[in-house]
Amino acid sequence: MRPSRTPSTFLLAFTLLAALLGLGRPLSCEVCRGSGPTCSGKMKTCEAGKDACVAIVGESSTKGHHSVNSYKACMKFSDCYSGFVSTTMGPKDYMVSNTHCCQSDGCNRGSVPPPENNRTENGLQCPACIVPFQETCPGTQAARCVGPETHCIYFAGRVQAGIINTRFATRGCATESACNTKPGAEVPSASYLYFLRRADCLPAPQPPGRGE
Ligand SMILES: *[C@@H]1O[C@H](CO)[C@@H](O)[C@H](O)[C@H]1NC(C)=O
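Residues numbered from 1 in each chain as written. Predicted model: local features only at pLDDT ≥ 70, side-chain atom pairs only at ≥ 80, totals over all residues. Heavy atoms only, no water.

(A) Fine view of the state of the cysteines. All chains considered together, the criterion is met by 9 disulfides. The disulfide that involves Cys-102 links it to Cys-107, with 2.1 Å between the sulfurs. The chirality of the disulfide connecting Cys-102 with Cys-107 is right-handed, given an S-S dihedral of about 95 degrees. Residue classification places Cys-102 among the buried positions, given a relative accessible area of 11%. With relative accessibility at 18%, the residue Cys-107 sits in the buried group. There is a disulfide in this structure between Cys-129 and Cys-137, and the S-S distance comes to 1.8 Å. (Disulfide = S-S within 2.5 Å. Buried < 20%, exposed > 50% of the residue type's maximum accessible area, 1.4 Å probe, protein only.)

Shown next as structure tokens:
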């Protein structure tokens, strides 16, 4: 048997080439937003530069108001982190989420497993604040990190919630996975769309009397 160029080899080569060159039809993704662990909506063609489909399920508490939300859309693959993220700004202000990013038509249909929400304090602390309408935040309070949160974040920029688009700044605890977020990224959560101008992420300081 000689190594023949079968039609499927051609197809594979062509698909790879087309993918590399960004040829072909634009991607289409399911688009929806809703409360609850999943949502379903129409398939839409992605605008230029959005080369991934994303599905997010998030559980959050804002001033003690607890909610579970889901979101599906097109986004830029290089801004998309697949996996678990946990952030805590205070005992009543936190968010955990699971995100799935993929790059074929309709690949964000179906549901993403809901994120674990381990609220057990792990002994680490970070400067914390949440400030709307401004892009800086003093961090004079301290957030107690929970579960797998080992890093301190300082994120700021603009946030879009429905038709409202405003400045925001926030500091607190996060999982190391939050460090994948880079300034300039357009990053959705289950509830909001963030345009980040600042995305600092550092290991949380060791509490006194431990380690070293
Ligand atoms: C929850 O987080 C704590 C603190 O990091 C850890 O000790 C514990 O094992 C975690 N529990 C689960 C079920 O992952």
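Next comes the rest of the account.
(B) Examining the nonpolar core more closely. Core analysis: the largest hydrophobic core is formed by 13 residues, its most contacted members being Ile-153, Phe-155, Phe-168, Ala-174, Ala-178, Val-187 and Leu-196. If sequence neighbours within four positions are ignored, Leu-196 has contacts with Phe-155, Ala-156, Phe-168, Thr-181, Lys-182, Pro-183, Gly-184, Ala-185 and Val-187. (Core = buried A, V, L, I, M, F, W, Y, C linked by side-chain atoms within 4.5 Å. Contact = heavy atoms within 4.5 Å.)

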